[in-house]
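Take a look at the letters that make up each chain.
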Amino acid sequence: MIKSILVFNNHGKPRLLKFYVHYPEEQQQHIVRETFQLVSKRDDNVCNFLEGGSLIGGSDFKLIYRHYATLYFVFCVDSSESELGILDLIQVFVETLDRCFENVCELDLIFHVDKVHNILSELVMGGMVLETNMNEILTRIQEQEKLEKQEAGISAAPARAVSAMKSMNIPQQIKDIKLPDLPSLSNFKNPF
């Protein structure tokens, strides 16, 4: 089972945190700090697997990570997960992000948090791997975007109605209304 997914930059700033097991916030921060310390000091040409040790609950846990440009993608898993399978999952996740954002960078993770979480939810849910086929994931994301655009069209209808009313030039139309002539006030007698 996947216990957590951590993405942080070269300076240790978290860009995406997803915990599938409940940890108090201070313990989550401790896990992120220690994971960054363990992963960042390793050379790029060494193995991408680390024993978790006391970090997340014992020697049963492993850290599997990949370092891309300025970002570390770290999956904390238990012994039931295949290391190579998780490395492949990280690759699928990064390639899917790359396709969705066209050359994904750290800023995409910051400014499009919802979309990144949607993509991650298509891959992993509740700590279990759901899908590893990138084309299938992209299809689901495109379907989600299509639904969001349709909903935006529905919710934007009142704004479009206001815009249409503004463009009707109502003051000019009021001037153009022909009203019947009203009788003059001098024709009325004062009853007092």
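For the structure, see preceding data.
This text gives an overview of the structure that appears in the document. Since this is a predicted model, take the numbers as computed values, not measurements.

## Looking at the nonpolar core
Here's step 1: Ranked by internal contacts, the top residues of the largest apolar core, which has 30 residues, are Ile-2 and Phe-93.
Here's step 2: Among residues more than four places away in sequence, those in contact with Phe-93 are Leu-16, Phe-73, Val-116, Ile-119, Leu-120 and Leu-123.

## Quick word on the pattern of salt bridges
Here's step 1: Inspection of every chain in the model, using the stated rule, returns 5 salt bridges.
Here's step 2: Among the salt bridges present, the one from Glu-83 reaches Lys-62, with a minimum N-O distance of 2.9 Å. In this pair, Glu-83 sits in helix α2 (residues 83-101) while Lys-62 sits in strand β4 (residues 61-68), placing the two residues 21 residues apart along the sequence.
Here's step 3: Owing to a relative accessible area of 10%, Lys-62 belongs among the buried residues under this scheme.
Here's step 4: Notably, a salt bridge pairs Arg-140 with Glu-143, separated by 3.1 Å at the nearest N-O pair. Of the two residues, Arg-140 and Glu-143 both sit in helix α5 (residues 134-155), 3 residues apart, roughly one turn of that helix.
Here's step 5: Classification of Arg-140 as partly exposed rests on a relative accessible area of 32%.
Here's step 6: A relative accessible area of 41% means that Glu-143 is categorised as partly exposed.
Here's step 7: Bridged by salt links that share partners, the residues Glu-136, Arg-140 and Glu-143 form one connected network.

Cut-offs and rules
Residues numbered from 1 in each chain as written. Predicted model: local features only at pLDDT ≥ 70, side-chain atom pairs only at ≥ 80, totals over all residues. Heavy atoms only, no water. Core = buried A, V, L, I, M, F, W, Y, C linked by side-chain atoms within 4.5 Å. Buried < 20%, exposed > 50% of the residue type's maximum accessible area, 1.4 Å probe, protein only. Contact = heavy atoms within 4.5 Å. Salt bridge = Lys/Arg side-chain N within 4 Å of Asp/Glu carboxyl O. Helix = DSSP H or I, 4+ residues; strand = E, 2+ residues; numbered from the N terminus.

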